[in-house]
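Here's the letter readout for the chains.
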Amino acid sequence: MRAGSKASAAALAQGVRAGDKRSLARALSLLIDEAPDADILIQKFFSDSGRAQKIGLSGPPGTGKSTLCGRLIAHFRGLGLRVGVLAVDPTSPLTGGAFLGDRLRVQEHVSDPGVFMRSLGSRGMVGGVSQTIFGAIHALEAAGFSKIIVETVGTGQDEVTIAKVADTVAYVTTPQLGDEIQAMKAGVMEIGDVFVVNKADLGGKDKAVSDLRSALALGRGPEKKPWEPPVVAVSAATGEGVPELGKILEDHWRHLMGSGEGRARRSAQHKEELSLYISRRLYRKALDRITDEDLERMLDHRSDPVAVARRILKPVRG
Amino acid sequence: MVTEKKTYRVLIAKPGLDGHDRGAKVIVRALRDAGFEVIYTGIRQTPEMIAEAALQEDVDAVGLSLLSGAHMTLFPQVAGLLKKKGMKGVLLFGGGIIPDEDVPALKKKGVHQVFGPGTPLSSIVGYLQENLPRARGK
Ligand SMILES: Nc1nc2c(ncn2[C@@H]2O[C@H](COP(=O)(O)OP(=O)(O)OP(=O)(O)O)[C@@H](O)[C@H]2O)c(=O)[nH]1
Ligand SMILES: [Mg+2]
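Residues numbered from 1 in each chain as written. Chains lettered and ligands numbered in written order. Predicted model: local features only at pLDDT ≥ 70, side-chain atom pairs only at ≥ 80, totals over all residues. Heavy atoms only, no water.

## Quick word on the coordination of the magnesium ion (ligand 2)
As a benchmark, a tetrahedral metal site with four donors has ideal angles of 109.5 degrees, while an octahedral site with six donors has ideal angles of 90 or 180 degrees.
All names here are of chain A.
In step 1: Protein-derived ligands of the magnesium ion (ligand 2) are S66 (OG), D102 (OD) and E151 (OE), with the metal-ligand distances lying across 2.1 to 2.2 Å.
In step 2: We note that the donor set of the magnesium ion (ligand 2) lies within a single chain, spaced as S-x35-D-x48-E. Linking D102 in the loop between β3 (98–100) and β4 (115–121) with E151 in strand β5 (residues 147–153), this pair joins segments that are 49 residues apart in sequence. For the residue pair D102 and E151, the accessibility class agrees, reading buried in each case. (Donors = N, O, S within 2.8 Å, 3.2 Å for Na, K, Ca; no water. Helix = DSSP H or I, 4+ residues; strand = E, 2+ residues; numbered from the N terminus. Buried < 20%, exposed > 50% of the residue type's maximum accessible area, 1.4 Å probe, protein only.)

Written out as structure tokens, the structure is:
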């Protein structure tokens, strides 16, 4: 470790705790880019882990997640709560580029000192969230945000990962998705803590809500669970239904705090964070060990993939 | 050996009152396709909103697109606010309908590069690819 590095990371962490937005922005970059100082920051921030409610906003593209995020920010700000937002959009696997377009709908809150938003590319992570999302969350928690909204686009399987990051998952659909709602995959049904039918202003909400409710009832076992995911119709465009959604999110947070479920979820989150951290480190270290000679030997058939991989994996240590 | 190259982040913003953002969106797409992470703020942004978004997103460059002719006041305001917020390393560039004779004054006021109408997208991409590693040598 470089000597000056530890001191400057500590200063940065102090700035984050003191509420300095520039420090927070820089800390987030170090965490997201997995810079050498990221480890120091995670260790400095982790003691605040679990303080904030992490709310996942997931659902198919274009269902109004970002617009709704803007509404939820206003709702929480009205209650005097500080809100951090992490919005993840897919990175192109071909170019590494990404269009991070969620800020467009939240930008009206940009100058509010109680709001901080960061857009992230998924950067090669299957599952719709970037692998460094946990570090980013730690930074926002250390900065004192009590509600952290994580927006991810759900396309098929991806919704599942948000459930390993968030305390409360709000799954956003629209009446316009029609049959897709009924055909919604079992996995999606399981991860939602609340199902939001957005764009209620466009009509068809009653049918969408009742379709969703029957789909949820079908998947339900005989015993009553302490939390049954409610279905709520909202319009992010007009604000209709947003206070109801806000209350449901609060009820779920209380449910988590008042039962063993909150602790169980946080334990699962820590496990996921550890698994990501370890697999990234080991993978990189292992790949660094591939030598030109290994490849030469394989080209000449003097070695084979299994033998090379075994040699490489044997001494890998953190 | 795995070498992961740094992904540069660029904010594209439209200050001022004109409501057309087709041009800005074309640039957004070109930069994304060239491997940048591009954040778009939308239209009718005040210099304060642009600078604050640049800060929170910790971008490496800010591109301003303007057709309404207020560039001589708005561009330097963004430059000043970026500096005030401690974002000295950020590359600020602008495009739109900007007469040649305004360019030297804009450059003096902290706008690093100005692209006139009809600039090929490849020159904007090339400009960022060349200048970003230098501007953010960290
Ligand atoms: N009529 C109506 N339109 C809405 C509503 N909410 C969002 N929209 C519109 O739907 C479109 C997509 O909204 P976004 O908030 O960007 O949706 P998103 O789910 O964040 O989109 P991605 O992040 O691209 O997946 C925009 O044109 C919004 O104006 C709503 O409640 N009613
Ligand atoms: Mg969005």
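Let's pick the thread back up.
## Overview of the pairing of strand β3 (residues 61–66) of chain B
Residues and elements named next belong to chain B.
In step 1: Among the 6 residues of β3, 6 are classified as buried, and the element is accordingly described as predominantly covered.
In step 2: The two faces of β3 match: A61, G63 and S65 on one face and V62, L64 and L66 on the other face are all buried.
In step 3: In this structure, strand β1 (residues 9–13) lies alongside β3, joined through 4 bridges in parallel fashion. Its bridge partner lying in β3, L11 is registered against V62.
In step 4: Strand direction decides the pairing type here: β3 and strand β4 (residues 91–96), joined by 6 bridges, are parallel. Residue pairing across strands places V62 opposite L92, the latter belonging to β4.
In step 5: Note on the crossover from β3 through helix α3 (residues 71–84) to β4: the handedness is right-handed. (Pairing = 2+ DSSP bridges. Right-handed = clockwise from strand over helix to strand, strands pointing away.)

## Structural notes on the interface of chain B and chain A
One frequently used descriptor of interface size is the decrease in accessible area upon assembly of the parts.
In step 1: Taken residue by residue, the interface counts 31 residues in chain B and 31 residues in chain A.
In step 2: Of the roughly 2600 Å² buried at the junction of chain B and chain A (both faces included), carbon and sulfur atoms supply 47%.
In step 3: Remark: the boundary between chain B and chain A carries 6 salt bridges.
In step 4: In this structure, B:D58 and A:R22 form a salt bridge, with 3.3 Å as the shortest nitrogen-oxygen distance.
In step 5: Counting the contacts that link chain B with chain A gives 19 residue pairs in polar contact (both at pLDDT 80 or more).
In step 6: Only α1 (22–33), β2 (37–40) and α2 (47–57) of chain B provide two or more residues apiece to the side of chain B that touches chain A.
In step 7: Per element, the largest residue contribution to the side of chain B that touches chain A is 7 residues, and it comes from α2(B).
In step 8: Among the residues forming the side of chain B that touches chain A, the class breakdown is 11 nonpolar, 7 polar and 13 charged. (Contact = heavy atoms within 4.5 Å. Buried area = accessible area lost by both parts, 1.4 Å probe. Salt bridge = Lys/Arg side-chain N within 4 Å of Asp/Glu carboxyl O. Polar contact = N/O pair within 3.5 Å; in protein donor to acceptor, adjacent residues only side chain to side chain. Nonpolar A, V, L, I, M, F, W, Y, C, P; charged D, E, K, R; others polar.)

## Notes on the site of ligand 1
All names here are of chain A.
In step 1: Of all residues adjacent to ligand 1, which total 18 residues, the nearest are K65, S66, T67, R105 and D201.
In step 2: In this structure, an oxygen atom belonging to ligand 1 sits 3.0 Å away from a main-chain N or O atom of G62.
In step 3: R105 is positioned with one of its side-chain polar atoms (N or O) 2.7 Å from an oxygen atom of ligand 1.
In step 4: Relative to its free-state accessible area of 650 Å², ligand 1 is covered by the protein chains to the extent of 74%.
In step 5: Those elements that provide at least two residues to the shell around ligand 1 are α4 (65–78) and β5. (Near = heavy atom within 4 Å. Areas by Shrake-Rupley, 256 points an atom, 1.4 Å probe, with all protein chains shown as cover.)

## Looking at the packing of helix α2 (residues 21–32) of chain A against helix α3 (residues 38–45) of chain A
Residue and element names in this part refer to chain A.
In step 1: The interhelical angle for the contact between α2 and α3, taken along N-to-C directions, is 120 degrees, at an axis separation of 8 Å. If you check the angle between α2 and α3, you find them oblique. Relative to α3, the crossing made by α2 is left-handed. Listed contacts from α3 to A27, L30 and L31 of α2 are A38, L41, I42 and F45.
In step 2: A breakdown of the residues in the contact of α2 with α3 according to their chemical character gives 7 nonpolar, no polar and no charged. (Axes fitted to C-alpha atoms, helices over the stretch in contact; angles between N-to-C directions. Parallel < 35°, antiparallel > 145°, perpendicular 65-115°, else oblique. Left-handed = near helix turned anticlockwise from the far one by under 90°.)

## Side note on the nonpolar core
Residue and element names in this part refer to chain A.
In step 1: Ranked by size, the top nonpolar core spans 38 residues in total, and within it L24, L41, F45 and I133 carry the most contacts.
In step 2: Secondary-structure elements contributing two or more residues to this core are α1 (3–17), α2, α3, β2 (83–89), β4, α5 (133–142) and β5.
In step 3: Every residue in contact with L41, bar those within four places of it in the chain, is listed here: A9, L12, A13, A27, L30 and L31. (Core = buried A, V, L, I, M, F, W, Y, C linked by side-chain atoms within 4.5 Å.)

## A few points about the sheet that holds β5(A)
Residues and elements named next belong to chain A.
In step 1: On the basis of which strands lie adjacent, the open sheet formed by 7 strands has the order β4-β2-β5-β1-β6-β7-β8 and parallel pairing. The two strands at the open ends of the sheet, each matched to only one other strand, are β4 and β8 (231–233). On average, adjacent strands in this sheet sit at an angle of 20 degrees to one another, irrespective of strand direction.
In step 2: With 4 bridges connecting them, strand β1 (residues 53–59) and strand β6 (residues 168–173) associate as parallel partners. Paired with S58 across the bridge in β6 is Y171.
In step 3: Contacting β6, β7 (194–197) and β8, helix α9 (residues 205–218) crosses the sheet at an angle of about 170 degrees to β8.

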